Amino acid sequence: MEQEETPGEAESTLDGTATPADVPVAPEDTPLDQTVEISLTLLEQAQSFAESLLRPWNFYQICIVAGLLLASHLLRAVFGPRIRTWMANRKGWPMWRMRILAVIHKRIRGIFFVALIWPAYWVMQEVTWPSRSYLIGIAAELATAWLIVTFVTRMIYSPVLRALIRYGAWTYVSLVILNLTDEAGGILDAVGFDLGGVRLSLLLLVQGFVLVTALMVGARFLSRTTATRIQKNEEISPSMRVLVIKALQVVLYGAALFIGLNSVGVDLTGLAFLSGAIGVGLGFGLQKVVSNLVSGIIILLDKSIKPGDVISLGDTFGWINTLGARYASVVTRNGKEYLIPNEDLITNQVVNWSHSNAFVRLDIYFGTAYSDDPHQVRALAIEAAKSVDRVLEVKPPVCHIVGFGDSSVDYILRFWIEDPTGGLTNIRGNVYLALWDKFKEHDINIPFPQREVRVLKDADETPDLVIPD
């Protein structure tokens, strides 16, 4: 006969041991409990550290550190102005060297403090017990680390990014020196939430931000260095240089983002469907932006427009300054910079004055009196055009009669230039001025319309006015 199992009896386990059935299983600690526990531990450590500062040797170490800070401040007050005066006299030095000196001068107090505290720490290590120089060693390590971080982050041009990396690096280095990385990591890891089977904690976000930022900075440095070398390569056309630089930037930044997110454990395969849906929505909402991007790629590939070309688009005349992903920058002769969308350069009629070559032909019209010899006028006009500096001699000017006007014989003078970026109106004005001087020198008359007014005999007689009823 089977014996029924009562609640108070032991349950048999697989390994042969018995566990009381009525003993409750302790629940696992929640992230909030872990955070509270770590915080209490840190609070106890901070309290014990504060109590230890009241001990004589710890107090002496604090006084030594404070005295070294005061000494570094006095040294800065004495030598700072002298160093600044010495820097002002280095007028022939390159700019990069002057910038390094300016950064050193700005941090001269910290440099003096590091130079003073390490000898003091080494002396304390030799003359007394290591425990009686512990605080001085921590202060020396912190000051040195902060100084190195300051100098390294000066290489970052963006002020916002520089500040983020600087304070983040300072915080991490301070935690490493104080041996608090495990506690800080535990607190950051405990603060988080689950999203789609993936736990997103504050620690994961911080790690991802630091890694992605570092990779982005590296990608930016590589792209700038490579872009400088590509721009100096004369064997590549200007449009292909821009295309290669843009493609390289996309590859580097995309790889940095992908590697950074993948390194911190973010599964990117689940984003495929979401990115497809977002792409469809963006395709409808950003049609113009996408059109400008595609148009910019087409312009770079077919080499129809490149930086330095002189173009006319409607009433806008100028030269291409830069070709961006969305627009082209056109600078006019009066200094205005127009940002023309790439789509307009594809769909509208654009006059490229320097597409295949830089030669541009200009025409000016003028007229002379019927009493002047047209053969002489043509020869003088060509001679006047050749006297202007920018007019090409390899493509000599020509002059033709285009008609017989009411009061003058009409001519057209054609000449070539090869620097349209230097302006068109000014070269026309110079040729007109040369024509004026040449015609004055040879008594060639430039006529103007004349009218004769005859007064009739009965003009002073006024007819009677007839007023209708």
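What you see is a predicted model, and the numbers here were worked out from it, not measured in a lab.

Asker: Tell me about the overall build of the chain, and please be specific about residues and values.
Answerer: Helix and strand counts for the chain stand at 14 helices and twelve strands. The buried share of the chain, taken over its 469 residues, is 27%. Long-range contacts, defined as pairs at least 24 residues apart, comprise 61% of the intrachain contacts of the chain with a sequence gap of at least 6. Accessible surface, the chain as shown: approximately 32,000 Å² in total, 62% of it carbon and sulfur.

Asker: Account for the packing of aromatic side chains, with residues named and values stated.
Answerer: Enumeration over the complete set of coordinates arrives at six aromatic pairs. Judged by centre distance (5.7 Å) and plane angle (50°), the ring pair of Phe366 and Phe439 falls under tilted. One end of the pair, Phe366, is in strand β10 (residues 360–368); the other, Phe439, is in helix α14 (residues 425–441), with 73 residues separating them in the sequence. We classify Phe366 as buried; its relative accessible area is 12%. You can call Phe439 buried: its relative accessible area is 2%. Seen from their ring centres, Tyr370 and Phe404 are 6.3 Å apart, and the 20° between their planes marks the pair as stacked. Taken as a pair, Tyr370 in the loop between β10 and α13 (374–386) and Phe404 in strand β11 (residues 398–404) lie far apart in primary sequence, 34 residues in all. Its guanidinium or amino end placed over the ring of Phe359, Lys395 lies 5.3 Å from that ring's centre, counting from NZ or CZ.

Asker: Which residues make up the packing of helix α4 (residues 108–127) against helix α5 (residues 134–153), and what values do they have?
Answerer: The interhelical angle for the contact between α4 and α5, taken along N-to-C directions, is 150°, at an axis separation of 9 Å. One way to sum up the angle between α4 and α5 is to call them roughly antiparallel. By crossing handedness, the relation of α4 to α5 is classed as left-handed. Every residue of α5 that contacts α4 at Gly110, Ile111, Phe113, Val114, Ile117, Trp118, Tyr121 and Met124 is listed here: Ile136, Gly137, Ala139, Ala140, Glu141, Ala143, Thr144, Leu147 and Phe151. Of the residues contributing to the contact of α4 with α5, the split by class is 13 nonpolar, three polar and one charged.

Asker: Outline the environment of Pro449, supporting the account with residue identities and numerical values.
Answerer: Within the element layout of this structure, Pro449 appears in the segment after α14. On a C-alpha basis, the gap between Pro449 and Ser407 in space is 5.9 Å, while along the polypeptide they are 42 residues apart.

Asker: Kindly report on the sheet that holds strand β8 (residues 337–341), identifying the contributing residues and their values.
Answerer: Strand order in the open sheet formed by five strands is β8-β7-β6-β5-β9, and the pairing between neighbours is antiparallel. Either end of the sheet is taken by a strand with one partner, and the two such strands are β8 and β9 (351–352). The pairing of strand β5 (residues 310–313) with strand β6 (residues 316–323) spans four bridges and is classified as antiparallel. Bridge assignment links Ile311 to a residue of β6, and that residue is Gly318.

Asker: Explain the side chain of Glu343 to me, and be specific about the residues and the numbers.
Answerer: On the secondary structure map, Glu343 appears in helix α12 (residues 342–347). Dropping the residues within four chain positions of it, Glu343 is found in contact with Lys288, Ser291, Asn292 and Ser295.

Asker: Which residues make up the sheet that holds β10, and what are the values?
Answerer: What the three strands build is an open sheet, ordered β10-β12-β11; its pairing is antiparallel. In this open sheet, the two edge strands, each paired with only one partner strand, are β10 and β11. Geometrically, the sheet is characterised by an average inter-axis angle of 25° between neighbouring strands, direction not taken into account. In the sheet, β11 pairs with strand β12 (residues 409–417) via six bridges, with the strands oriented antiparallel.

Asker: Go over the side chain of Ser312 with me, naming the residues and quoting the values.
Answerer: Assignment of secondary structure puts Ser312 in strand β5. Residue Ser312 is classed as buried on the basis of its relative accessible area, which comes to 13%. Setting aside anything within four residues of it in sequence, one finds Ser312 in contact with Phe317, Gln349, Val350, Val351 and Trp353.

Asker: Please provide a residue-by-residue account of the pattern of salt bridges, values included.
Answerer: In the structure shown here, the tally under the stated rule is five salt bridges. A salt bridge links Arg361 to Asp363, with the shortest nitrogen-to-oxygen separation between them at 3.6 Å. For Asp419, the salt bridge is made with Arg390, and the minimal N-O distance between the two is 3.1 Å. Placement of Asp419 in the loop between β12 and α14 and of Arg390 in the loop between α13 and β11 is noted, with a sequence separation of 29 residues between them. We classify Asp419 as partly exposed; its relative accessible area is 28%.

Asker: Got a sec to walk through helix α11 (residues 287–302)? Specific residues and values, please.
Answerer: The end-to-end C-alpha distance of α11 is 22 Å, a good match for the 22 Å that 16 residues give at a rise of 1.5 Å each. Residues of α11 that are buried: Asn292, Ser295, Gly296, Ile299 and Leu300. All buried residues of α11 fall inside an arc of 135° around its axis, so they share one side. Just past α11, the residue Lys303 takes up positive phi, approximately 60°.

Asker: How would you summarise unusual backbone geometry if you had to cite specific residues and measurements?
Answerer: At Asp443, a position not held by glycine, the phi torsion is positive, near 55°. Within the element layout of this structure, Asp443 appears in the segment after α14.

Asker: Which residues make up a nonpolar patch on the surface, and what values go with them?
Answerer: Residues Val160, Leu164, Val206, Phe209 and Val210 make up a contiguous nonpolar surface patch of about 450 Å² in total accessible area. Listing elements by their share of the nonpolar patch, those giving two or more residues are α6 (159–177) and α8 (202–231). If one sorts the elements of the nonpolar patch by residue count, α8 sits on top with three residues. One can find Phe209 in helix α8. With a relative accessible area of 44%, Phe209 lands in the partly exposed category.

Asker: Give me the lowdown on the nonpolar core, citing residues and values where you can.
Answerer: Core analysis: the largest hydrophobic core is formed by 24 residues, its most contacted members being Phe366, Leu413, Phe415, Val431 and Leu435. Mapped onto this core, the elements with two or more residues apiece are β10, α13, β12 and α14. Residues in contact with Leu435, not counting those within four places in the same chain, are Ile364, Phe366, Ala381, Ala384 and Leu413.

Conventions used here
Residue positions are counted from 1 within each chain, in the order its sequence is given. Selection of residues for local features in this predicted model requires a pLDDT of at least 70, selection of side-chain atom pairs for listing and counting requires 80 or more, and totals for whole chains, interfaces and linings are taken over all residues. Heavy atoms throughout the structure, all of them, feed into the side-chain values; hydrogens and water do not. Numbering goes from the N terminus for both helices and strands, where a helix is a DSSP run of H or I of at least four residues and a strand is a run of E of at least two. The buried label goes to any residue with under 20% of its type's maximum accessible area, the exposed label to any with over 50%, and the partly exposed label to all in between, with areas taken from a 1.4 Å probe on protein chains only. Note on contacts: a residue pair is in contact if any heavy atoms of the two residues lie within 4.5 Å. A 1.4 Å probe and the Shrake-Rupley method give the accessible areas. Residues count as covered only by the protein chains that appear here. Side-chain rings of Phe, Tyr and Trp (the six-membered ring for Trp) are treated as a pair once their centres are within 6.5 Å; stacked means planes under 30 degrees apart, edge-to-face means over 60, and tilted covers the remaining angles. Definition used: whenever NZ (Lys) or CZ (Arg) falls within 6 Å of the ring centre and also within 35 degrees of the ring normal, the charge is taken to sit over that ring. Each axis is a line fitted through C-alpha atoms, and for a helix only the stretch in contact is used; angles between axes span 0 to 180 degrees, taken between their N-to-C directions. Any angle between 65 and 115 degrees counts as roughly perpendicular, while under 35 counts as roughly parallel, over 145 as roughly antiparallel, and the rest as oblique. Left-handed describes a crossing whose near helix is turned anticlockwise from the far helix by less than a right angle; the clockwise case is right-handed. Classification used: nonpolar for Ala, Val, Leu, Ile, Met, Phe, Trp, Tyr, Cys and Pro, charged for Asp, Glu, Lys and Arg, polar for all others including Gly. What makes two strands pair is DSSP finding at least two bridges between them. Salt bridges, as used here, are contacts in which a Lys or Arg side-chain nitrogen is within 4 Å of a carboxyl oxygen on Asp or Glu. Expected helix span is computed as 1.5 Å times (number of residues minus one). Comment: arc refers to directions from the helix axis out to C-beta atoms. Each patch is built from residues that are more than 30% exposed by relative accessible area and take part in no salt bridge. Like charges join if they lie within 9 Å; nonpolar side chains (Val, Leu, Ile, Met, Phe, Trp, Tyr) join within 5 Å. Think of a nonpolar core as a cluster: buried Ala, Val, Leu, Ile, Met, Phe, Trp, Tyr and Cys residues, connected wherever their side-chain atoms sit within 4.5 Å.

On their own, these measurements won't tell you what the molecule is for.
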